[in-house]
Amino acid sequence: MEPIRTNTRERSETDRRAFLKTVAAATTAALGGTMPGAVSAADAPLAPVSAADAAVKALYESLNDRQKKAMCFDWGRKGYGGLPLRLHVTNNWAVSSTTIGSLTRDQQALVGEVLKSVLNAGWPEKLAQQAKDDTGKPWTEDRKIAIFGTPESGKCQCVISGFHLTFRAGGDRDAHAAFGGAICHGHQPSGFHEKPGHPGNFFWYQAQEAHKVYQILDGKQQRKALVLKGMPYYEFDGKIDRTPILPDSKFIRAMEPDVRFGGPRADLPGLPVAEMTRDQKEAMQKVLASLLSPYRKPYQDRVLQCLQKQGGLERCHLIFYKERTLGKEGEWDNWRVEGPAFVWYFRGFPHVHSWIHVADDPATPVTSHFG
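Residues numbered from 1 in each chain as written. Predicted model: local features only at pLDDT ≥ 70, side-chain atom pairs only at ≥ 80, totals over all residues. Heavy atoms only, no water.

J.: I keep staring at the overall build of the chain and nothing clicks. Help me out?
T.: When you go through the chain residue by residue, the secondary structure sums to 10 helices and 15 strands. A total of 371 residues make up the chain; the buried ones form 54% of that total. Sequence-distant contacts, at least 24 apart, represent 69% of the contacts inside the chain between residues at least 6 apart. (Helix = DSSP H or I, 4+ residues; strand = E, 2+ residues; numbered from the N terminus. Buried < 20%, exposed > 50% of the residue type's maximum accessible area, 1.4 Å probe, protein only. Contact = heavy atoms within 4.5 Å.)

This is the structure:
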């Protein structure tokens, strides 16, 4: 991630490096000094992701009054439908007018620490490359940044947004949602209309794990898992639908950005994981591990805690959509895992979008729209 030059007076290079080294050491210590590997059981009590809180606090304290006025908002700042703006998720937006590139070199390095507090090694660089692939610009020019709340209040969250991104770090220790709220990723390295197999796409490996599950289902299970029509999408009759989706919104068609929870539903389509055989359930655990692999262990554990509270992965359904598939049968580009308070929607056509919302309570609110 390349910093930009600034005209502001910087501290000495030695002091600057020492300061950033201190922040990085604090983040590593908060993470327990370890790098997470496979998804493990979530037995730890619920707790804030302290590494993210520390990184966001350091960034907040580095801002001057002018910067705070532009990018720091009240925790309850109203957004769509009068609900807090920090609850919003979309695939393309500006959470504030402040680009990461407008920050000083030291502050950009602190943003890097914020990203590292949430993402596993290599993924901050992948998100930077994703921004360059998808916009043709350095990541610092596309990404906007905001901080909601203040560190001393115990409620403080950094939101980074842009093309194909809603990213969060830090938050409220009493929050019901994993990741601090709904998030979104995307990537189109081979163009708006990606080629079959999505060459170079950073997220396609997750779909490949889901395909492995489909391949070991029997014929009856495959038919149950495959939805022929009604794939959640964003364009209807040649027009993009950017209608904001609020907690009480009603639609006559399935909307791509709709990550609201349905709670326990008898009418949920797809194949219940509970109806799978042992080897199929083990394959589903690998799908879940692939979905969580970009994120550090505290975030993985929080997702597992949320799942456990709603009855585990067995309460979820695996759904494949036949519509708009680029590849051959069985290599479905569009698929979803959904449970009472779990939505992970992988939309692979015309390119990859991932819409993610996980919580321990189906009543957890969210707002969204297609950006």
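After that view of the structure, there is still more to cover.
J.: Could you clarify how one ought to interpret the confidence of the model for the chain in this entry?
T.: In low-pLDDT segments, the atomic positions of the prediction should not be examined closely. Considering every residue of the chain, the mean pLDDT works out to 89; 87% of them sit at 70 or more. The low-confidence segment residues 1–20, where pLDDT is below 50, has 34 contacts with residues more than four positions distant or belonging to other chains. Contacts for the low-pLDDT stretch residues 25–49, under 50 throughout, to residues beyond four places or in other chains number 42 contacts. (pLDDT = per-residue confidence, 0-100.)

J.: Can you walk me through the state of the cysteines in this structure?
T.: Here a disulfide denotes a covalent bond joining the sulfur atom of one cysteine to the sulfur atom of another. Tallied over the entire structure, the rule returns zero disulfides. No disulfide involves Cys-158; its sulfur sits 8.2 Å from the nearest other cysteine sulfur, which is in Cys-156. For Cys-158, a relative accessible area of 0% puts it in the buried group. (Disulfide = S-S within 2.5 Å.)

J.: Explain the packing of helix α7 (residues 204–215) against helix α9 (residues 278–292) here, please?
T.: The relative placement of two packed helices comes down to the angle between their axes together with the axis-to-axis distance. Running from N to C, α7 and α9 cross one another at 170°; their axes reach a closest spacing of 9 Å. Relative to α9, the element α7 lies roughly antiparallel. Residues Tyr-205, Gln-206, Glu-209, Ala-210 and Val-213 of α7 touch α9, and the partners they reach there are Ala-283, Met-284, Lys-286, Val-287, Ser-290 and Leu-291. (Axes fitted to C-alpha atoms, helices over the stretch in contact; angles between N-to-C directions. Parallel < 35°, antiparallel > 145°, perpendicular 65-115°, else oblique.)

J.: Would you explain the pattern of salt bridges in this entry?
T.: Here the structure, examined in full by the defined rule, presents 16 salt bridges. A salt bridge links Asp-258 to Arg-260; its shortest N-O distance comes to 2.8 Å. You can call Asp-258 buried: its relative accessible area is 16%. Each of Arg-265, Asp-267, Arg-336 and Glu-338 takes part in one network of salt bridges that share partners. (Salt bridge = Lys/Arg side-chain N within 4 Å of Asp/Glu carboxyl O.)

J.: Teacher, can you tell me more about the environment of Phe-167 here?
T.: Position of Phe-167 among the secondary structure elements: in strand β5 (residues 165–172). Take Phe-167: its relative accessible area is 3%, and that puts it in the buried class. Considered as a pair, Phe-167 and Ala-182 are 15 residues apart in the sequence and their alpha carbons are 8.5 Å apart. If we ignore the near neighbours within four places in the chain, the residues touching Phe-167 are Val-114, Leu-115, Val-118, Leu-119, Cys-158, Val-159 and Ile-160.

J.: Even after reading the chapter, I still don't get the packing of aromatic side chains, so can you show me in this structure?
T.: Aromatic ring pairs: the centre-centre distance and the angle between the two ring planes describe each pair. Inspection of every chain in the model, using the stated rule, returns 14 aromatic pairs. Geometrically, the ring pair formed by Phe-73 and Phe-148 is tilted, given 5.5 Å between the ring centres and 50° between the ring planes. Residue Phe-73 is found in strand β1 (residues 72–73), and its partner Phe-148 is found in strand β3 (residues 144–150); the two are separated by 75 residues along the sequence. Taken together, the ring pairs in this structure connect Phe-179, Tyr-295, Tyr-299, Phe-342 and Trp-344 into an aromatic cluster. The ring of Phe-73 has Arg-77 lying over it, and the distance from NZ or CZ to the ring centre is 4.2 Å. The side chain of Arg-324 reaches across the aromatic face of Tyr-233, ending 3.7 Å from its centre. (Phe/Tyr/Trp six-rings, centres within 6.5 Å; stacked < 30°, edge-to-face > 60°. Lys NZ or Arg CZ within 6 Å of the ring centre and 35° of its normal.)

J.: How should I be thinking about the pairing of β3 in this particular structure?
T.: Within a regular beta strand, the side chains point alternately toward one face of the sheet and then the other, so they alternate between its two faces. β3 sits mainly inside the fold: six of its seven residues count as buried. As judged from the two bridges shared by β1 and β3, these two strands associate in the parallel manner. In the sheet register, Cys-72 faces β3, and the bridge partner there is Ile-147. As judged from the seven bridges shared by β3 and strand β4 (residues 155–162), these two strands associate in the antiparallel manner. The residue bridging Ala-146 from the neighbouring strand is Val-159, located in β4. The turn linking β3 back onto β4 is made up of four residues, and Gly-154 within it adopts a positive phi angle of 85°. (Pairing = 2+ DSSP bridges.)

J.: Any chance you could explain the side chain of Asn-91 here in plain terms?
T.: Mapping Asn-91 onto the fold places it in the loop between β2 (88–89) and α4 (105–118). Judged by relative accessible area, Asn-91 falls into the buried class, the value being 3%. Beyond its immediate sequence surroundings of up to four residues, Asn-91 is in contact with Gly-162, Phe-163, His-164, Leu-165, Cys-184, His-353, Trp-355, His-369, Phe-370 and Gly-371.

J.: Help me understand the environment of Gly-270 in this model?
T.: For Gly-270, the location among the structural elements is in the loop between β9 (239–240) and β10 (271–272). On a C-alpha basis, the gap between Gly-270 and Gln-222 in space is 9.0 Å, while along the polypeptide they are 48 residues apart. When residues no more than four places from it in sequence are discounted, the contact partners of Gly-270 are Lys-224, Ala-225, His-317, Leu-318 and Ile-319.

J.: I keep staring at helix α2 (residues 50–62) and nothing clicks. Help me out?
T.: An α-helix turns once every 3.6 residues. As a result, residues three or four positions apart point the same way. Between its terminal C-alpha atoms α2 stretches 18 Å, which fits the 18 Å expected from 13 residues at 1.5 Å a residue. Among all positions of α2, only Ala-51, Ala-52, Ala-55, Val-56, Ala-58, Leu-59 and Tyr-60 are buried. (Expected span 1.5 Å × (residues − 1).)

J.: What is the right way to look at the nonpolar core in this model?
T.: In globular proteins that are soluble, nonpolar side chains generally tend to be buried together. Ranked by internal contacts, the top residues of the largest apolar core, which has 70 residues, are Ile-147 and Trp-335. Leave out the neighbours within four places in its chain, and Ile-147 touches Val-56, Leu-59, Tyr-60, Leu-63, Met-71, Cys-72, Phe-73, Cys-156, Gln-157 and Cys-158. One finds Phe-236, Ile-319, Tyr-345 and Phe-370 within the second-largest nonpolar core, a separate group that totals 23 residues. (Core = buried A, V, L, I, M, F, W, Y, C linked by side-chain atoms within 4.5 Å.)

J.: Please explain unusual backbone geometry as it appears in this structure.
T.: Negative phi is the rule for most residues except glycine; trans is the rule for most peptide bonds. The linkage connecting Phe-349 with the following residue, Pro-350, adopts the cis geometry, with an omega of 0°. Looking at the element boundaries, Pro-350 is found in the loop between β13 (342–347) and β14 (352–358). Its identity as a non-glycine residue notwithstanding, Phe-179 has a phi of 65°, on the positive side. By secondary structure assignment, the location of Phe-179 is in the loop between β5 and β6 (183–187). When its relative accessible area of 5% is taken as the criterion, Phe-179 is described as buried. Positive phi, close to 55°, is recorded for Asp-237, a residue that is not glycine.

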